[in-house]
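Here is what each chain is made of, one letter per residue.
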Amino acid sequence: MAKASALEDALAQARAHHAAGRLRPSLAAYETALRLEPAHTDALFGSAMVLAALGATAAALGQVDKALAYSPTRPDIAFARASLLLESERLIASEQAYRDALSLAESPRGLLTFAQGMRQLGRLDAAETALRRAIQLLPSPPALLALSDVLIDRYRIGEAVAACRRAAILAPGPAASLRLGTRLLESGQADAARRAFRQAIVQMPTNTAAHYSLARITRHTGEDARVRDLMRLASTSELPARQRADVHFALFKVREDLGDTDGAFQHLAQANALVRGQLTYATDADQRYFDRIGQAFDAVGGAGATATSGPGTGQIFVVGLPRSGTTLVEQILASHPMVHGAGEIQNLRLAMLRGFERDNLQDGFPDGARRLDTAGWHAVGEAYVASLEPSGRPFTVNKTPGNFQMVPAIWSALPGARIVHCRRSPLDTCFSIFRHNFVGWGLHYAYDQEEVAALYGIYDRFMTHWEERRPGGVFTLSYETLVADPETVARALLDYCGLPWDDRCLDFANTRRIVRTASVEQVRQPIHTQAIGSWRRYARHLGPMRARLRAAGIDAESQSQIRPY
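Values in this document were obtained by computation on a predicted structure and should not be read as measured data.

Conventions we followed
- Residues numbered from 1 in each chain as written.
- Predicted model: local features only at pLDDT ≥ 70, side-chain atom pairs only at ≥ 80, totals over all residues.
- Heavy atoms only, no water.
- Helix = DSSP H or I, 4+ residues; strand = E, 2+ residues; numbered from the N terminus.
- Buried < 20%, exposed > 50% of the residue type's maximum accessible area, 1.4 Å probe, protein only.
- Contact = heavy atoms within 4.5 Å.
- Areas by Shrake-Rupley, 256 points an atom, 1.4 Å probe, with all protein chains shown as cover.
- Core = buried A, V, L, I, M, F, W, Y, C linked by side-chain atoms within 4.5 Å.
- Arc of directions from axis to C-beta.
- Phe/Tyr/Trp six-rings, centres within 6.5 Å; stacked < 30°, edge-to-face > 60°.
- Pairing = 2+ DSSP bridges.
- Axes fitted to C-alpha atoms, helices over the stretch in contact; angles between N-to-C directions.
- Salt bridge = Lys/Arg side-chain N within 4 Å of Asp/Glu carboxyl O.
- 1 Å grid on protein atoms, 1.4 Å probe; cavity = no way out; pocket = protein on both sides within 12 Å on 5 of 7 lines; lining within 4 Å.
- Points joined across faces, edges and corners; volume = space filled by probe spheres on them.
- Polar contact = N/O pair within 3.5 Å; in protein donor to acceptor, adjacent residues only side chain to side chain.
- Parallel < 35°, antiparallel > 145°, perpendicular 65-115°, else oblique.
- Left-handed = near helix turned anticlockwise from the far one by under 90°.
- Nonpolar A, V, L, I, M, F, W, Y, C, P; charged D, E, K, R; others polar.

Engineer: Looking at this structure, I do not really get the overall build of the chain. What am I missing?
Structural biologist: Assigned secondary structure in the chain consists of 26 helices and 5 strands. By principal-axis analysis of the C-alpha atoms, the chain measures approximately 80 × 65 × 50 Å. In the chain, which comprises 565 residues, the proportion classed as buried is 55%. Considering only intrachain contacts with a sequence separation of at least 6, the fraction spanning at least 24 residues in the chain is 70%. With an accessible surface of roughly 24,100 Å², the chain has 51% of that area assigned to carbon and sulfur atoms.

Engineer: Is there a simple way to explain the nonpolar core in this structure?
Structural biologist: Nonpolar side chains in soluble globular proteins generally cluster together in the buried interior. With 156 residues, the main nonpolar core has Phe297, Trp377, Phe431, Tyr445, Met545 and Leu549 as its most contacted residues. With 9 residues, the top contributor of residues to this core is helix H23 (residues 449–469). One finds Ile332, Val489, Cys497 and Ala531 within the second-largest nonpolar core, a separate group that totals 28 residues.

Engineer: Quick question: what am I supposed to make of unusual backbone geometry here?
Structural biologist: Apart from glycine, the bulk of residues carry a negative phi angle, and the bulk of peptide bonds sit in the trans form. Of note, Glu89 is a non-glycine position whose phi angle comes to about 65°, a positive value. If you trace the backbone, Glu89 turns up in the loop between helix H5 (75–87) and helix H6 (91–104). With a phi angle near 70°, Arg323 is a residue other than glycine that sits in the positive phi range. By secondary structure assignment, the location of Arg323 is in the loop between strand E1 (315–319) and helix H18 (326–334).

Engineer: Explanation requested: helix H26 (residues 543–551) in the structure shown.
Structural biologist: Helical geometry note: an α-helix holds 3.6 residues per turn, so side chains three or four residues apart project in the same direction. Among the residues of H26, Met545, Arg546 and Leu549 are the ones counted as buried. With its buried residues spanning 95° around the axis, H26 presents them on a single face. Of the residues in H26, the exposed ones pointing more than 90 degrees away from the buried face are Arg550 and Ala551. Within two residues after H26, Gly553 carries a phi angle of roughly 80°, on the positive side.

Engineer: Is there a simple way to explain the packing of aromatic side chains in this structure?
Structural biologist: To describe a pair of aromatic rings, you give the distance between the ring centres and the angle between the ring planes. In this structure the tally under the stated criterion is 20 aromatic pairs. Ring centres of Phe297 and Phe365 lie 6.2 Å apart, and the angle between their planes is 50°; on these two criteria the pair is classed as tilted. Within this pair, whereas Phe297 is found in helix H17 (residues 283–300), its partner Phe365 is found in the loop between helix H19 (347–358) and helix H20 (374–387), the two being separated by 68 residues in sequence. Considered together, Phe297 and Phe365 belong to a single accessibility category, that of buried residues. On the numbers, 5.0 Å between centres and 35° between planes, the contact of Phe431 with Tyr538 is tilted. Placement of the pair is Phe431 in helix H22 (residues 426–434) and Tyr538 in the loop between helix H25 (486–497) and H26, with a sequence separation of 107 residues. By way of ring pairs, the aromatic residues Tyr289, Phe290, Phe297, Phe356, Phe365, Trp377, Phe404, Trp411, Tyr456, Tyr459, Phe462 and Trp466 are connected into one cluster.

Engineer: Mind showing me how you'd approach the sheet that holds strand E5 (residues 475–478) here?
Structural biologist: Picture the strands of a sheet paired through backbone hydrogen bonds; they go either parallel or antiparallel. Strand order in the open sheet formed by 5 strands is E2-E3-E1-E4-E5, and the pairing between neighbours is parallel. Of all strands in the sheet, those with a lone pairing partner are strand E2 (339–343) and E5, marking the two edges. Sheet twist, expressed as the mean angle between neighbouring strand axes with direction ignored, is 25°. In this structure, E1 lies alongside strand E4 (residues 418–423), joined through 4 bridges in parallel fashion. Its bridge partner lying in E4, Ile316 is registered against Arg418. Across the sheet, H18 touches E1, E2, strand E3 (395–398), E4 and E5, and the angle it forms with E2 is around 150°.

Engineer: Just checking my understanding: could you explain the pattern of salt bridges for this structure?
Structural biologist: Two side chains bearing opposite charge may form a pair once their charged atoms approach each other closely. The tally for this structure, following the rule as stated, stands at 36 salt bridges. Linking Arg423 and Asp460 is a salt bridge whose minimum nitrogen-to-oxygen distance equals 2.9 Å. You can see Arg423 sitting in strand E4 and its partner Asp460 sitting in helix H23, a full 37 residues away along the chain. Judged on exposure class, the residue Arg423 and its partner Asp460 are both buried. Look at the salt bridges and you will find they share partners, linking Asp125, Glu128, Arg132, Arg154, Arg156, Glu159 and Glu389 into a network.

Engineer: Any chance you could explain the layout of surface pockets here in plain terms?
Structural biologist: Vacant regions in the atomic arrangement are exposed by a probe of water-molecule size rolled over the atoms. Volume-wise, the second largest pocket comes out at about 330 Å³. Taken together, 16 residues make up the lining of the second largest pocket; nearest its centre are Phe45, Asp76, Phe79, Ala80 and Thr113. For the lining of the second largest pocket, the secondary structure elements donating two or more residues are helix H3 (41–53), H5 and helix H7 (108–120). The element contributing the most residues to the lining of the second largest pocket is H5, with 7 residues.

Engineer: Just to check I follow, could you spell out the environment of Ser148 for this structure?
Structural biologist: Within the secondary structure, Ser148 sits in helix H9 (residues 141–153). With near-sequence residues (within four places) excluded, Ser148 lies in contact with Ala160, Ala163, Cys164 and Arg183. Separated by 3.1 Å, the side chain of Ser148 and the backbone oxygen of Ala160 make a polar contact.

Engineer: How should H22 be read in this particular structure?
Structural biologist: With 9 of 9 residues buried, H22 lies mostly within the body of the structure. Tucked inside the fold, the buried residues of H22 contact helix H15 (241–257), helix H16 (261–276), H23, helix H24 (479–484) and H26.

Engineer: Looking at this structure, I do not really get the packing of H19 against H20. What am I missing?
Structural biologist: Angle between the axes and distance between the axes are the two parameters that describe a pair of packed helices. It is at 9 Å that the axes of H19 and H20 come closest, and there the two elements cross at 135°. When the axis of H19 is compared with that of H20, the two are oblique. Considering the relative orientation of H19 and H20, their crossing is right-handed. Where H19 abuts H20, its residues Asn347, Leu348, Ala351, Met352, Gly355 and Phe356 lie against Trp377, Val380, Ala383, Tyr384 and Ser387. Partitioned by chemical class, the residues of the contact of H19 with H20 number 8 nonpolar, 3 polar and no charged.

Rendered as structure tokens:
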């Protein structure tokens, strides 16, 4: 009796600590419970979830496996195992685990969880099928909004908007209005997006994501009632840190529009500090990661002539740091009738990880690269091409800026592909990253002046190394040159990609397509030079950023006047 009471007390403490975000005490309480009853399924599962939250994925997976052994028919544990396998980058095993979990609970909730996993795995057809089945069984806003996300991934904007509207009819509320606004903005309907964001704020005045989304696409001319609402929200200490960050990012945009540079930067600094305080990040870890990429691909050979054909012909990768002009370059290319702009997609990374797993290379990326042979790499390339959504066009642009780290992998997997590297002046790039709200995008370096500058140095050294290892393997394009002389640069760009000239490439602002990046508004405007030197207005506040760039040996104020043709 005493043992049972002690067990229940330990479990109650563990759950209370977990709910309050006290992860270490929660784990200790779960361990106490497991010493009393090693086969207790809930204690094993609870400890696994805490370990996962602490980033100990392998240990969490071990506990989930034990829990599932004791309770093999529990779908919540089975789905958690699938998710942890995905987190471990064991994609083939994860996909099978998701299917096994679904067989235990083909309910609306189970189908929704399965679809979310399939989307992360890049299996969009399976995700859409599961969501349509879930909606058929029980129409619900969560399933409809998840379907909207999958449909936008498949470039079916009309259906994606319709799914959001149906969710709003079923249960009017801020979640549906916010997602509808996002879909409308992605499709170029800015006025309708503003109305949806305003509706989300009416439905939930503390919806900070809606406040930020509205502020970033509004030109402020005075301190109206909405701005006063933002100021009140900024002083609301009850809001979680990330929500307060949304408010300060919104107020940065307001103060900048009103010409109050110092006031604007004060809000920007607060926003970034709030986000940075929630993150675990170390520049040294990024440096070691990029060093490992270099070592892995240097070992298999990074030099050689650029292929003009072979696997990957028709594939174009636009890479660089965020805010370096990658969206503009994709928009120019996607305005060509032979080109489909796929946006920012993870298909290459997913194909590569599946290839490593299939060949039992458990080192993962990048270390496993040195053990994958030519046939294995070409299989990765073929899997990548097969995974792309059909477009009916012979050329596809993958505009994922972070693929700059994949440059040697692209050469190995898709030797016929073209890589366009966008460079922009260091301070314009770094400040533009620092001033944008990238929460949820995984850019953990973006919220500290010195860290974003340090990452720029890592990126610069990495790209310089590979451009020197394989001359002509990358078309390096200067943002500053592009906006100063768009036709000359666009002609050189199309020629490099093997495309004939088309005048529509200079009329890109009128190209109707889905855009899902931080440049969603700018790319629908005619080309201009206003963003060049934009950091100078805030120069007095950017001492740490400038100093860190200089320490990395980078001319912080240089314009990126590169003429690659």
